[in-house]
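A closer look at the structure
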Amino acid sequence: MQCPAVTIQIADDLSVSQSTVKVHLSRIMTKLDAANRTQVALITHDAGLT
C-alpha cells in the first residue's frame with residue numbers, strides 16, 4: 001500500500017509511530033475514495049489544500 005521509507009520519514013517528522021501514520025493515511029484514502037497516495041495528493045492539490 002505504501003512506500004516504507006516515506007512512512008518512516010513521516011512518522012519521524014511527526015514523532016508518531018509508523019502504524020499511526022498508516023492508520024491515518026488509510027482513513028484519509030477511504031474518506032476521499034482514493035486508491036493510493038498519489039490520488040490523495042491530486043485530490044488535495046485540486047482542492048487547493050497544498
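Residues numbered from 1 in each chain as written. Predicted model: local features only at pLDDT ≥ 70, side-chain atom pairs only at ≥ 80, totals over all residues. Heavy atoms only, no water.

An unreviewed UniProt entry lists the chain under the name HTH luxR-type domain-containing protein, with Streptomyces javensis as the source organism.

1. Notes on the overall build of the chain
Within the chain one finds 3 helices and 0 strands. Its helices and strands taken in sequence order, the chain reads α-α-α from the N to the C terminus. Each of the three principal axes of the chain carries a C-alpha extent, and together these read 30 × 20 × 15 Å. Taken over 50 residues, the chain has a buried fraction of 18%. (Helix = DSSP H or I, 4+ residues; strand = E, 2+ residues; numbered from the N terminus. Buried < 20%, exposed > 50% of the residue type's maximum accessible area, 1.4 Å probe, protein only.)

2. Observations regarding the packing of helix 1 (residues 4–14) against helix 2 (residues 18–32)
Their axes nearest at 8 Å, the elements helix 1 and helix 2 cross at an angle of 105°. Between helix 1 and helix 2, the angle falls in the class roughly perpendicular. On helix 2, the residues that touch Thr7, Ile8, Ile10 and Ala11 of helix 1 are Gln18, Val21 and Lys22. For the contact of helix 1 with helix 2, the per-class residue count stands at 4 nonpolar, 2 polar and 1 charged. (Axes fitted to C-alpha atoms, helices over the stretch in contact; angles between N-to-C directions. Parallel < 35°, antiparallel > 145°, perpendicular 65-115°, else oblique. Contact = heavy atoms within 4.5 Å. Nonpolar A, V, L, I, M, F, W, Y, C, P; charged D, E, K, R; others polar.)

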